Every structure is written in structure tokens, then in C-alpha cells.
Amino acid sequence: MERFEMSFKNKRVRIWFSVILPITVLAILLTIFLPTEMQIVPTLLLMATLVVYYAWVFMSQRKNKG
């Protein structure tokens, strides 16, 4: 298993901080302010963002290996 560098030189860390972290904060705020019937929206937003991020990570790793 390759070593993971936890610094802003790493592209995955930069993308995580610029995309995942703000979406998480937005999802928390939406959970607080949306009515009960709409509570699924922040969850779906966060899940969709995470799926896209990890799909990008997977494809990036495959591209670098081969």
C-alpha cells in the first residue's frame, strides 16, 4: 500500500478541502434550517458528493497505475 501524504501538495487533499468540507457544512446548515419533510435533501447532497469524489479518486488511481 502506498503512503498517503496529508498536505496541500497532495491533489486529493486539496480537492477534499475545497469540495467535501464546504458541502458538509452546507448539509449541516440545511439540516438545521429545512423543515422535517425536506431532511432527505442534505443527506442526498452529501452522499452524491462523496460518490463523485471517491469515483474520481478511484479513476485517478487507475490512471496512475496503468
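A few points on the structure.

About the cut-offs
- Residues numbered from 1 in each chain as written.
- Predicted model: local features only at pLDDT ≥ 70, side-chain atom pairs only at ≥ 80, totals over all residues.
- Heavy atoms only, no water.
- Phe/Tyr/Trp six-rings, centres within 6.5 Å; stacked < 30°, edge-to-face > 60°.
- Buried < 20%, exposed > 50% of the residue type's maximum accessible area, 1.4 Å probe, protein only.
- Patch = residues over 30% accessible without salt bridge, like charges linked within 9 Å, V, L, I, M, F, W, Y side chains within 5 Å.
- Areas by Shrake-Rupley, 256 points an atom, 1.4 Å probe, with all protein chains shown as cover.
- Salt bridge = Lys/Arg side-chain N within 4 Å of Asp/Glu carboxyl O.
- Helix = DSSP H or I, 4+ residues; strand = E, 2+ residues; numbered from the N terminus.
- Contact = heavy atoms within 4.5 Å.
- Polar contact = N/O pair within 3.5 Å; in protein donor to acceptor, adjacent residues only side chain to side chain.
- Expected span 1.5 Å × (residues − 1).
- Bend = angle between axes of the 7 residues up to and from the residue.

Details of the packing of aromatic side chains
- Summed over the entire model, instances satisfying the criterion amount to four aromatic pairs.
- The interplanar angle of 45° and the centroid separation of 5.3 Å between the aromatic rings of Phe8 and Phe17 together place this pair among those described as tilted.
- Note on Phe17: relative accessible area 33%, which makes it partly exposed.
- Between the aromatic rings of Trp16 and Phe17, the centroid separation amounts to 5.1 Å while the plane-to-plane angle is 85°, which identifies the pairing as edge-to-face.
- Grouping aromatic residues by their ring pairs yields a cluster made of Phe8, Trp16 and Phe17.

Some details on a nonpolar patch on the surface
- Nonpolar side chains collect at one region of the surface, where Met6, Phe8, Trp16, Phe17 and Leu21 lie side by side and expose about 510 Å² of accessible area between them.
- Mapping Met6 onto the fold places it in the segment before α1 (11–33).
- Residue Met6 is classed as exposed on the basis of its relative accessible area, which comes to 62%.

Comments concerning the environment of Trp56
- Within the secondary structure, Trp56 sits in helix α2 (residues 40–65).
- Not counting chain neighbours up to four residues away, the residues in contact with Trp56 comprise Lys11, Arg12 and Ile15.

Things to note about the environment of Asn64
- Inspection of the secondary structure assignment puts Asn64 in helix α2.
- Residue classification places Asn64 among the exposed positions, given a relative accessible area of 62%.
- Through-space distance from the C-alpha of Asn64 to that of Ile40 is 36 Å; in sequence the pair is 24 residues apart.

A short note on the side chain of Asn10
- Along the polypeptide, Asn10 turns up in the segment before α1.
- Here the side chain of Asn10 touches Arg12 through a polar contact of 3.1 Å, landing on its backbone nitrogen.

Details of α1
- The end-to-end C-alpha separation of α1 is 33 Å, in line with the 33 Å expected for 23 residues at 1.5 Å each.
- Along its length, α1 shows its largest kink, about 30°, at Phe17.
- Those residues of α1 that fall on the buried side of the exposure criterion are Val13, Ile20, Ile23 and Ala27.
- Contact partners of the buried residues in α1: α2.
- A side-chain oxygen of the first residue of α1 lies 3.1 Å from the backbone nitrogen of Arg12; this N-cap is Asn10.

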